[in-house]
Structure formats: C-alpha cells, structure tokens
Amino acid sequence: MKHAFLSSVLAAAALSLGSSVVHAQAKEVKFGCYAPMTGQLAIFGKSMQSGFDMAIDDFQKSPQSKGLKFSIQCEDDQGRADDGINLARKFVEDNSVLAVLGSWSSTVTLAAAPVYNEGKLVNITPISSHPDVTKVGPYVFRQSLVQSQEGAFNGASLWKLGARNIAMLGIPNDYGKANMALTKRSFEAQGGKVVFEEFVRTDAQDFRQTLQKAARENPDWIYIGAFAPQTALMLKQLRQMGMKTPVYVCAADDTPDLARLAGSDAIEGTHVTVQTNPVLGPELADFYKRYEARYNRLPDPFAANSYNTAMMMMTMVAQQYPNVTRESIRKGLDDIRVFDGIFGKLKYDPASREWEFKLLHGVIENGTAKVTN
Amino acid sequence: MIDTFVLSQLAIGVSVGMTYSIVAIGLTLIYRVLSAVNFAHGEVYTIGAFTTLIGATALKLPLWAIVPLVLLVGAAFGWGIERAAFRPFRKFTDEASLKSRAVREATLLSSFALGLVVREILDQVYHGEWLAIPQEYLLSNPVSFGGIHLSAGELAIGVVSVVMLACLQFMLHRTRIGIAIRAVSSNLIGAQFSGIDINRVVVAVFIVGSLLGAVAGMVVSLAYGNVQSFMGLTVVIKAFVAMVIGGLTSLPGAVIAGILIGVAEATAGIFLPSAWTEMVAYAMLLLTLLFLPQGLFARRRA
C-alpha cells in the first residue's frame, strides 16, 4: 500500500519534471518572491513589491511580452533566515514557479540560497549585497551593487572629503558587518584611521551612549553603516546632543524613508553613497517620474533595482518562449552580458558573476540626496 | 574626579531607566492587587503610542487634545484586557482561588496571548513599519546644563513618572476606590466581607494601570518620535525586571529599580560595546532572585 502510494508520487514528480514550466495554453508565467512584508524591514519589502508590480504592468503593455501573462508571488520572510529557508523549500517543490526573486536582507538570502541551489531553481536577488551571495552556487544570482564595491567607494569618498580619523557605527547583521568591514578596509588603505567602531542593536531606541563614546575619541567624521530606522534615530539624536561632526551614511540609507523617520532637518547636510538617482541617466529620470505619478512617493534604490531585475527576467522569458524551463533561465542568466534597462546599459561580468553599478557621492538637501560629482 | 563624559553617560542611563519605570508603575499596580503579571501591559504602552500617532497624523489633533484621547483609549483597553484575559479565570472569588498558582499561571499566559494578538493585528495593519510622529509634536528640543545634553522629552518622561507616582499614591491613600484597592490587595476575604465589590476594584485597577501604561507610551513616543508594533515587548520585559527588583508590590520600589537598571546599563556601556548592555538587566534580575528574593524594596506582608 505504502509502496503503491510512493511510486505514484514518484511517477507524478517525474512527469512534472519533464514538462515545461510555462503553461503553454494560458501563457502564464509565475515567479516566486520572498521579501520582508511584515516586521521591522517591511518598508523595504513593500518597495520591492511596488517595483515588481510596476515592472509587470509596464512589460505586459510592451510588444516584447508576446502576450505572456506574468505574475510575481510575493511571500513574507519577515527578514528572518528560517522563514526564508521554509519559503525556499516551498518554491522548489512548486512546479509552477519558474524562478525566484529575493530576498531583501543578505542574512535571509544567504540562508535560503543553498536550498534554491540544491533544488536547481534560479534565485536572483535585486538587493542583497553581501559579497558571498553569488558564491553560494550556479543557481544563485544577483543584480545589485556588492558590498566590496560599496565599501571601496565609501572609503575613497570619505578620504576625498578630507576625513582622516573616523568613528564607525553599524548594525550587527550580515549587511552591516560586511559594509563596515569593507568600508574600513578601503579607508585604512588610503591612510585613514578608525578611532572608534561599534555595532548597535537594531531593536534599541536610544543610541546616545554610543554616539557620546564616539564623540569622546574626537573623530573628524562619523560613518554609519545601518538601515534607515536606526540611522534616522542616530542622526536625530546627534542633532539633539548638539554634535556638529559631519556624517557619512551607507548606500542603503539613500531612501525617502530616512527623511520620513528623522525629519528633513536632522538629515540636512548628511553625506551618502548614491546608487539610484535621476541624474544617472534619462531612463532612470523617466522611471522616477512614472513611479512618483503611480505611487505618489519617490522610489528608493530597492524599488528601482527590483523593477530592473523583474524587467530583465521577463524579457528573458519572453525571448526564450515557448521553450522556457528552470534550467533555461539559469543558462540565460549565465549567457547575458548587457542588460539595457532603467540603469542604462548595465554590464555583467561572468567571471565575478556581478553587475557593474555606478556609485556616486551625494549630500542631502531638503530631504533628498543631491549628487555632487 | 568624575568627568562630564561619565556624568552625561549616567544622565542618559537615568533617562532610559525612567522609560522602564514609567511602564513598571502600571504593571506593579496590577500585580499588587492580583498577584498576577499582566504581560499585555507592553501592548497597552504600544497602543498609547499608536493613539498618539493616529491623533497627530490621521486626526490632526493638537497635543492637548491627544492627551485625553490616549487616556480614554488606555482605560478602554485596560477594561478589555480584564474582561478577555483575567475575568474568565476568576470564577471563584475566594482568596485561595484568586491568588492560586493555577490562576496566576493561566492569566500570565492569557495576557501574554492577548498581547501577541494585539501586536499581530497592529503588525498586519501597519506592516510592522517604523512610523514617525510629525516633527511639530515632538518634545525634542535640546536641553543642556553643565555640558550634559538631554531633550525636553526626557525631562517630560521624568516629570510624568513622578506625577504619575504622586497621583497614584494620592489615589491609593486618599480616595474611596484607592482605599478599596488597598483593602483588596492586603486582605481579600476581609475586603469582601466589608462589602467591597471585588470585580469593580479589579476593573478599576486595570483601568488605572492601563491608563498609566498608555500615557507612558505617549510620552516616550513624543520623546523619541518613532512608533512600531513591537515597541512594547522590550520595554515590558525591562519593566517586569524593575518590578521584581523593586520588590514586586512596591510602586516607588519599581520606579527606583527602573532607574537603577538604566544607570547600570549605562555604566556597563562605558566599558562594553553598547549591544552587550542588554544583558545587564537580566543579570541584575538573576542576582536579585538569588541573593535578595524579596527584592530591594519588599513590603512587609500586611
């Protein structure tokens, strides 16, 4: 009895593996997505979903779509590694899912990616920037900046601004640790000195003790490698304490949420690494305009990256149609060299398996970053 | 010689400790009467903060109008907690059942569950986002004296804690309901035989305790500016520790213990990375339970 059941399950599995994943008749294409939709990081998961939704609408209107009907099924990982792993198992088993996008947090992506790799289902993250993400295996991709790239830029940028002795504050997750370590490495390589370094708790409200300890070491600049909720509180409390030391914040803080959480007064004059900005090109400027018209707020880098990655995935599926399988998607991503999207012609380096994003230095004026170079 | 650095670190400790104290007051009041921990108290605090946010953003009320709104919502929520998580376990009104271990454990869990339900609802409605109270409502003006920088909001937290404590002491000692509360808390059967309506007293305790918890949420959210669905969790655990260290039933004890925890965390933070200071409160709890099981300010049994 048991054997009969087992063999029928195996037979069903074999059948489904053999068939193409795109439902030829309905012409439906489904991507999975895991992102933080509730919890502390939910604001960023929502940005991702906004980017995806807009990409689907835009692509389906274009003739390139060949009449295919796309959907991205977003599931909530709450920014937690264990939830990410469970969702990965679910998506791998679900034969209607062609590829998976996500997650936001490097911690979750690093935990879930091995499951996708083993299950031979492509996982591409438009956000997670920890250097190890693409090293997990051949089925794990990303289309975002990498911390090694950002760290090198941050260090050089601080040095160029005249920083010599800096205090560094960050959050103790995979992102924060990589961001702080790589920024520090690059800054020290230029000849700079890190006079104070500390990681703060992400559930804390009061960072003044740490800020005061940093101030005691007389840094000429303060660097913050944390997400917007913590950075906003730190900037607000710096102002409250009357500290005038200039502050440089990481690329993840170039989001309208920073002004929303801290108030534009507290962040005025803060320096930031910019990855997404309308000045980067006409395509991006156009995206900003359309995004603002649709959602009544400006996009952050997470919405822009998610839009771009979703566009690339849909373009690839439409080109491969009707012979699209999980495996053909992986091959497609390996073979790609340039993607022409909202970031202009973005180049892919197959050796490092990373995309070459351009980074800029900006100063916050009236709540948004103005690019200086 | 203590330098300004150490002084201002300690000042921050006092002000953070005050946020634990202000929450501990309501928690301790309920414990004093029922010998039960109301773990939904953290959500009372969260609800107070969210009411402030809704009053300031959706309703666009001035600050003076937000205060009565918070009081009202806090009181209503306190009434609701008593009805949903405590009254169903009080079928028998003799002292042995009311203060029995089984009832204590059941209400500990039921209030914890109710708190989780409220937190989940807020999480779904607001997506767990950090929300900001508009700038113009914030008590964030810097106040400095002798090289120590604090904000108006922190002074407000301190002032409100002292006022709350004073009002509560006045109520407990000078008003009819306060005397009834004390009577119930010291001798339940005796109070019942003197004609005191136990259910009414318990409801009053929940209403007053939750009202104070909601005000705490309001003041802290106005001082820090950010509101989130699980903000109550960390704070209620610290307030619980303050209550235990303070001797479980002593209101001034809980307030002083809250400040002590804040100062101890700040002192540890001078020598340790700040992320490590979180364990200080729990280490203090452990030490208190091991060496002073009655707490620092235990009241003699009446």
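Reading guide: rules and limits
- Residues numbered from 1 in each chain as written.
- Chains lettered and ligands numbered in written order.
- Predicted model: local features only at pLDDT ≥ 70, side-chain atom pairs only at ≥ 80, totals over all residues.
- pLDDT = per-residue confidence, 0-100.
- Helix = DSSP H or I, 4+ residues; strand = E, 2+ residues; numbered from the N terminus.
- Domains from an automatic or database assignment.
- Nonpolar A, V, L, I, M, F, W, Y, C, P; charged D, E, K, R; others polar.
- Contact = placed C-beta atoms within 7 Å.
- Buried ≥ 20, exposed ≤ 12 C-beta atoms within 10 Å, placed from the backbone.
- Pairing = 2+ DSSP bridges.
- Right-handed = clockwise from strand over helix to strand, strands pointing away.

Draft legend 1. How the structure looks around the confidence of the model for chain B. All names here are of chain B. With 96% of its residues at a pLDDT of 70 or more, chain B shows a mean pLDDT of 88. For chain B, per-element mean pLDDT is lowest for helix H4 (residues 95–98), which scores 71, and highest for helix H2 (residues 41–57), which scores 95. The ipTM for the predicted assembly is 0.83, set against a pTM of 0.86.

Draft legend 2. Expanded view of the domain arrangement of chain A. Residues and elements named next belong to chain A. Assigned domains of chain A: these are domain 1 (23–145 + 283–342) and domain 2 (148–274 + 360–371). In terms of residue count, the dominant contributor to the side of domain 1 that touches domain 2 is helix H4 (residues 106–118) (three residues). The class makeup of the residues in the side of domain 1 that touches domain 2 is six nonpolar, six polar and two charged.

Draft legend 3. Highlighting the interface of chain A and chain B. Between chain A and chain B, the contact holds 29 residues from the first and 28 residues from the second. For the side of chain A that touches chain B, the elements supplying multiple residues, two or more each, are helix H2 (42–61), strand E7 (193–199), helix H7 (208–216), helix H8 (228–240) and helix H9 (256–262) of chain A. Here the side of chain A that touches chain B gets five residues from one element, more than from any other, and that element is H7 of chain A. Here the side of chain A that touches chain B is built from residues that sort into 10 nonpolar, 10 polar and nine charged.

Draft legend 4. Looking closely at unusual backbone geometry. All names here are of chain A. Here the bond from Gly102 into Ser103 is cis, since omega is -10 degrees, no more than 30 degrees from zero. Along the polypeptide, Ser103 turns up in the loop between strand E3 (97–102) and H4. In this structure, Pro322 follows Tyr321 across a cis peptide bond, with omega equal to 10 degrees. Mapped onto the fold, Pro322 is located in the loop between helix H12 (301–320) and helix H13 (326–335). For Gln78, which is not glycine, the phi torsion reads 55 degrees and is therefore positive. Among the secondary structure elements, Gln78 is positioned in the loop between strand E2 (69–76) and helix H3 (81–93). Classification of Gln78 by C-beta neighbours within 10 Å gives buried; the count is 22.

Draft legend 5. Seen up close, the pairing of strand E1 (residues 28–35) of chain A. All names here are of chain A. Judged by how many residues are buried, E1 sits mostly within the fold: six of eight residues are covered. Bridge count between E1 and E2: eight bridges; the pairing is parallel. In the sheet register, Cys33 faces E2, and the bridge partner there is Cys74. Where the polypeptide runs from E1 across H2 and back to E2, its parallel neighbour, the crossover connection is right-handed. In this structure, E1 lies alongside E3, joined through four bridges in parallel fashion. Within E3, the residue paired with Gly32 across the bridge is Val100.

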